[in-house]
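Residues per chain, in single letters:
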Amino acid sequence: MELLQAGSNEYENARQKRILRNQQVLADLGLTSVELPTRHVEVPAVARKSKSEQVQLPPRRSKRQQGQPIEQQEEIDVASDMYPKVRSMSTFALAKRIGKIQNKAKMESLIQVLQDEGLTELANDAQQAMTGL
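What counts and what doesn't
Residues numbered from 1 in each chain as written. Predicted model: local features only at pLDDT ≥ 70, side-chain atom pairs only at ≥ 80, totals over all residues. Heavy atoms only, no water. Salt bridge = Lys/Arg side-chain N within 4 Å of Asp/Glu carboxyl O. Helix = DSSP H or I, 4+ residues; strand = E, 2+ residues; numbered from the N terminus. Buried < 20%, exposed > 50% of the residue type's maximum accessible area, 1.4 Å probe, protein only. pLDDT = per-residue confidence, 0-100.

**Focus on the pattern of salt bridges**
Here is step 1: Counted by the stated rule, this structure contains one salt bridge.
Here is step 2: The shortest N-O distance in the salt bridge between Arg-87 and Glu-117 comes to 3.1 Å. Remark: Glu-117 occurs in the loop between helix 5 (104–116) and helix 6 (120–131) and Arg-87 occurs in helix 3 (residues 78–88); sequence separation between them is 30 residues.
Here is step 3: Assessed through its relative accessible area of 29%, Glu-117 is described here as partly exposed.

As structure tokens, this is what we get:
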């Protein structure tokens, strides 16, 4: 390795001194040829199940697609959940909501809540919208 050069800057001189000092320490320890250890880890291959070993389940189908009668769901009291929502909504938002509802039971519940809250004009609008459902 080259010793200190006359035209090099202070940083390069200090760097060369550190390199020489480190090489001397390695030589004193008997580590003149440094080989970095490499880590090579064998990863075992994952054994995959063949198609014949995999469990074959029948495809899921709805009762309607299977031709079975559909059980009627219990009527849910939607109106009790609507009171806080209706109270927090503006008349504009309620009018917009009336136009979006497609479920007849939901519309009936909304009409009841609107009437209970004294919003008769909106309740009438909802009643008209329900005739179109």
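Alright, that's what it looks like, and here's the rest.
**Some words on the confidence of the model for the protein**
Here is step 1: Residues of the protein with pLDDT of at least 70 account for 84%, and the chain-wide mean is 80.
Here is step 2: Within the protein, helix 1 (residues 10–28) carries the highest mean pLDDT (91), whereas helix 3 carries the lowest (77).

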